[in-house]
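Secondary and tertiary structure notes
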Amino acid sequence: MSKEKFVTLKTPGVPLPVENIDTDQIIPARFLKATTREGFGENLFRDWRFDSDNKPIKDFVLNNPSYTGKILVAGKNFGCGSSREHAAWAIHDYGFKVVVSSFFADIFKNNALNNAVLPVIVSDHFLNELLSAIQANPATEITVDLQKQVISFASHQESFEINAYKKECLLNGYDDIDYLLSLNKEIREFDLVH
């Protein structure tokens, strides 16, 4: 299934300065019964967003109307724990297009990329500056330029790395099958020669 093309995103960010956020905190195991990707966003960070009576916990950032945007800015070691792809589904379904951290668990990073969520790895210093800026001014605009592989806000800028194949997929809105189909002509020509 094709996804929306990702080239440049300009949006405020949502700060979550907590380290070692694991996939069970992102989407608790009791919500993993569905097999389609839809509907997981409503349970993103469920146990942090709602109390035992299903009432919003007002101090949690996703319940604060001051913070909007499609970029989640999280503490170091985001997505650790189990390998559940549902964590990436929940982040995407909630509306986030980018997660920024200074370190991602490898499996989460790959699951995110496979589900049209761009994990942007930045230095600890840049992360701390970004979190401080957002907390001081929730309207702080963050720009993520995938083509140039640069993230910036105010006068701060930093480059980030991404696998060339996954970059191509995001830029074109491809999943793995779409990418192969995009090479149909080249595959046929190769087949004729060999």
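Look a little higher up for the structure.
The sections below set out a description of the structure shown in this document.

Each value, and the rule that gives it
- Residues numbered from 1 in each chain as written.
- Predicted model: local features only at pLDDT ≥ 70, side-chain atom pairs only at ≥ 80, totals over all residues.
- Heavy atoms only, no water.
- Salt bridge = Lys/Arg side-chain N within 4 Å of Asp/Glu carboxyl O.
- Helix = DSSP H or I, 4+ residues; strand = E, 2+ residues; numbered from the N terminus.
- Buried < 20%, exposed > 50% of the residue type's maximum accessible area, 1.4 Å probe, protein only.
- Contact = heavy atoms within 4.5 Å.
- Pairing = 2+ DSSP bridges.
- Right-handed = clockwise from strand over helix to strand, strands pointing away.

With that settled, consider the pattern of salt bridges. On inspection of all chains with the given rule, the structure shows two salt bridges. The partner of Lys 76 in a salt bridge is Asp 124, with the nearest N and O atoms 3.8 Å apart. Placement of Lys 76 in the loop between β2 (71–74) and α3 (86–94) and of Asp 124 in helix α5 (residues 124–136) is noted, with a sequence separation of 48 residues between them. Take Asp 124: its relative accessible area is 39%, and that puts it in the partly exposed class.

Here Ser 152 shows up in strand β6 (residues 150–153). Those residues in contact with Ser 152 that lie beyond four places of it in its chain are Glu 141, Ile 142, Thr 143 and Gln 157.

With that settled, consider unusual backbone geometry. Positive phi is not limited to glycine here, since Asn 20 has a value of about 60°. Assignment of secondary structure puts Asn 20 in the loop between β1 (8–16) and α1 (23–26). We classify Asn 20 as partly exposed; its relative accessible area is 43%. With a phi close to 65°, Asn 54 is a non-glycine residue in the positive phi region. Its location among the elements puts Asn 54 in the loop between α2 (46–49) and β2.

Another point: the environment of Val 61. Along the polypeptide, Val 61 turns up in the loop between α2 and β2. Each C-alpha atom, one on Val 61 and one on Leu 16, is 7.0 Å from the other, the two residues being 45 residues apart in sequence. Once you skip the residues sitting within four places of it in the chain, Val 61 turns out to touch Val 14, Pro 15, Leu 16 and Tyr 67.

Of the two faces of strand β3 (residues 98–101), the one carrying Val 98 and Val 100 and the one carrying Val 99 and Ser 101 are both buried. For β2 and β3, the ladder comprises three bridges, and the chain directions are parallel. From the neighbouring strand, Ile 71 faces β3, where its bridge partner is Val 98. Between β2 and its parallel partner β3, the chain crosses via α3, and the hand of that crossover is right-handed. Traced from β3 through helix α4 (residues 106–114) to strand β4 (residues 118–121), the parallel crossover comes out right-handed.

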